[in-house]
Amino acid sequence: MSPRQSAAVYRRRRIVVLGIIIVLLALLIVLVWALVGRGASGGDPKPVPTTSSTPSPTASVPPAAPDPSADASPDPAATTPGPTSTAGAGPVPCTAAEVQVTAVADHDSYSADENPKLSISLTNNSGKDCTMNVGTTTQAFTITSGSDTWWRSTDCQQTPSDAIQTIKAGATITSSNPVVWDRTRSSVDTCEATDRQRAPGGGAAYRLTVSIGGFQSTNPVQFLLN
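Residues numbered from 1 in each chain as written. Predicted model: local features only at pLDDT ≥ 70, side-chain atom pairs only at ≥ 80, totals over all residues. Heavy atoms only, no water.

Ranked by size, the top nonpolar core spans 26 residues in total, and within it Leu-122, Met-132, Trp-181 and Phe-223 carry the most contacts. Other than its neighbours up to four places away in sequence, Met-132 contacts Cys-94, Val-99, Leu-122, Ala-163, Ile-164, Gln-165, Ile-167, Ile-212 and Phe-215. (Core = buried A, V, L, I, M, F, W, Y, C linked by side-chain atoms within 4.5 Å. Buried < 20%, exposed > 50% of the residue type's maximum accessible area, 1.4 Å probe, protein only. Contact = heavy atoms within 4.5 Å.)

Below is the structure:
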């Protein structure tokens with residue numbers, strides 16, 4: 001039978017075992033900290049690729065702020081091509097120097113039962129097309145005998161209208177619907193009268209002048225009433 005160990009021996013053994021456990025724990029803690037520190041300071045410095053669908057910051061870079069010294073309004077001359085004299089230019093309004101206005105009567109002499117039919121002829125003497133209003137709102141026919149004005153188309157004109165016409169360079173156009181003079185004296189006060197004074201016949205001479213758009217006919221046209 002082995003001798004019985006004292007309580008002091010057991011205490012010493014417990015202290016030794018506890019010390020060994022504490023040392024092992026300390027070593028384990030040191031080893032863990034060393035591994036953690038190594039992972040934080042070592043390894044590949046490049047960023048790890050990610051499969052996140054979130055766009056990178058450069059994918060939504062805001063536009064640069066405008067230069068405060070620059071004008072915010074675009075320069076029309078710098079962005080819009082200016083018109084040229086040869087491309088896309090349409091006819092321009094006619095001038096009196098370009099268009100010759102001529103009074104036209106359908107006959108030189110009229111019988112007692114025949115009414116004169118009066119028209120306007122326009123000739124573009126320029127080298128380019130031009131436009132003008134040839135409607136009845138711009139037309140005026142005047143018939144005189146000596147110094148006496150017998151008739152004006154504007155005295156009793158009804159429902160005048162506008163008509164913009166392009167006159168080709170060098171072309172001549174004539175009004176399609178003649179104005180008929182009923183051989184009576186006109187007045188704004190007698191438009192509805194049925195007993196207006198009739199113009200004398202028997203070979204009496206009358207003269208026709210016209211204007212259109214403010215352009216006056218160059219020469220009066222003379223005709224006779226029988």
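The residue Thr-138 is located in the loop between strand S5 (130-133) and strand S6 (139-145) in this model. Through-space distance from the C-alpha of Thr-138 to that of Asp-162 is 7.7 Å; in sequence the pair is 24 residues apart. (Helix = DSSP H or I, 4+ residues; strand = E, 2+ residues; numbered from the N terminus.)

Per-residue pLDDT for the chain averages 80, and the proportion of residues at 70 or more is 71%. Considering only residues more than four positions removed or in separate chains, one finds that residues 40-87, a stretch of pLDDT under 50, has 1 contact. (pLDDT = per-residue confidence, 0-100.)

As a further point, take the packing of aromatic side chains. For the coordinates displayed, the defined rule picks out 4 aromatic pairs. Taking the centre distance of 5.6 Å and the plane angle of 90° together, the rings of Tyr-110 and Phe-223 count as edge-to-face. Residue Tyr-110 is found in strand S3 (residues 109-110), and its partner Phe-223 is found in strand S13 (residues 221-225); the two are separated by 113 residues along the sequence. Take Tyr-110 and Phe-223: they sit in the same class, and that class is buried. On the basis of an interplanar angle of 65° and a centroid distance of 6.3 Å, the ring pair of Trp-181 and Phe-223 is categorised as edge-to-face. Of this pair, Trp-181 sits in the loop between strand S10 (179-180) and strand S11 (204-212) while Phe-223 sits in strand S13, and the two are 42 residues apart along the sequence. Exposure remark for Trp-181: the relative accessible area of 0% places this residue in the buried category. (Phe/Tyr/Trp six-rings, centres within 6.5 Å; stacked < 30°, edge-to-face > 60°.)

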